[in-house]
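# Coordinate analysis (summary)
So the chains spell out like this:
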Amino acid sequence: MDRKERLKQVMIDEAETIRKVAERVDYNVMSQITELLCQVKKNSKKVILAGCGTAGQAAKRIAHTLSVVEIPAFFLSPADSIHGGLGAMQQGDILILLSKSGNTQEILNYIPAAQKKGLTVIGVTENENSKLGQAADIVLKIKIDREPDKWGIISSASTLASISAFDAIAFTAMEETGYTKEEFYLIHTGGGVGDILRKEL
């Protein structure tokens with residue numbers, strides 16, 4: 001396979017992975033998560049996300065998307081969490097933990113405080129029988145056949161699948177909460193999106 005063919009194949013593999021996950025994912029679980037997130041702002045609560053490595057980058061992306069649709073969310077670094085950062089977690093908040101294996105110790109560190117403080121813990125993992133899967137109140141299983149790198153182990157397609165699932169949740173919640181362009185423009189006046197909104201409103 002020459003270079004151009006390999007480049008194209010990786011992109012095709014990633015797109016195909018998301019398509020397969022869309023067929024396999026439990027939409028009852030996604031609906032349950034959507035319902036919880038629709039109540040966050042109304043109840044003056046917040047969503048806290050965490051992950052390590054590539055999962056951490058996905059958690060940051062999901063947190064930003066939720067904030068964009070007026071669901072208050074932020075990323076809490078695993079390094080900061082056990083050095084006082086867990087104080088940001090309060091009763092009634094939602095904690096979303098991403099770990100492909102479900103056994104990442106830095107992510108498991110959040111659970112004792114979250115349970116004692118009364119947060120709803122959502123685990124995003126490929127293994128519902130993992131430590132995260134067993135401890136979480138809700139488990140969103142995101143499992144793929146294979147990552148597209150030559151060894152099949154570098155988190156990439158699986159990360160995109162998790163992001164895609166939460167894009168679906170965020171945009172569905174946006175519709176169900178009646179989020180308007182006027183509200184969106186209030187928080188997004190910059191860049192090309194701000195220019196579009198300015199012309200439309």
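These numbers were taken from a predicted model, which means no experiment stands behind them.

Taking burial as the measure, the five residues of strand S1 (residues 47-51) include five buried ones, the bulk of the element. Here S1 shows no split at all, with Val-47, Leu-49 and Gly-51 on one side and Ile-48 and Ala-50 on the other all buried. Here S1 runs beside strand S2 (residues 73-75); their pairing, made up of three bridges, is parallel. What sits directly across from Ile-48, in S2, is Phe-74. At this point the chain moves from S1, through helix H3 (residues 54-68), to the parallel S2, and the crossover so formed is right-handed. Sheet analysis places S1 next to strand S3 (residues 94-98), joined by five bridges and oriented parallel. Within S3, the position partnered with Leu-49 by the bridge is Ile-96.

Turning our eyes to something else, we now look at the pattern of salt bridges. All told, the structure shown has 11 salt bridges when counted by the stated rule. The shortest N-O distance in the salt bridge between Glu-147 and Lys-100 comes to 2.7 Å. Pair noted here: Glu-147 is in the loop between strand S5 (138-141) and helix H8 (157-176) and Lys-100 is in the loop between S3 and helix H5 (105-108), with a separation of 47 residues, a long-range link. Taking relative accessible area as the criterion, Lys-100 reaches 30% and is therefore assigned partly exposed. Among the salt bridges present, the one from Lys-181 reaches Glu-200, with a minimum N-O distance of 2.4 Å. Remark: Glu-200 occurs in helix H10 (residues 191-200) and Lys-181 occurs in helix H9 (residues 181-187); sequence separation between them is 19 residues. Within the structure, one salt-bridge network assembled from shared partners comprises Glu-16, Arg-19 and Glu-23.

Turning next to H8. Residues spaced three or four apart along an α-helix face the same direction, because each turn holds 3.6 residues. Over its 20 residues, H8 extends 29 Å from the first C-alpha to the last, a length consistent with the 28 Å expected when each residue adds 1.5 Å. Among all positions of H8, only Ala-157, Ser-158, Thr-159, Ala-161, Ser-162, Ile-163, Ala-165, Phe-166, Asp-167, Ile-169, Ala-170 and Ala-173 are buried. Looking at the buried positions of H8, the neighbouring elements they touch are helix H1 (3-24), helix H2 (27-38), H3, S3, strand S4 (120-125) and S5.

How each quantity is defined
- Residues numbered from 1 in each chain as written.
- Predicted model: local features only at pLDDT ≥ 70, side-chain atom pairs only at ≥ 80, totals over all residues.
- Heavy atoms only, no water.
- Buried < 20%, exposed > 50% of the residue type's maximum accessible area, 1.4 Å probe, protein only.
- Helix = DSSP H or I, 4+ residues; strand = E, 2+ residues; numbered from the N terminus.
- Pairing = 2+ DSSP bridges.
- Right-handed = clockwise from strand over helix to strand, strands pointing away.
- Salt bridge = Lys/Arg side-chain N within 4 Å of Asp/Glu carboxyl O.
- Expected span 1.5 Å × (residues − 1).
- Contact = heavy atoms within 4.5 Å.

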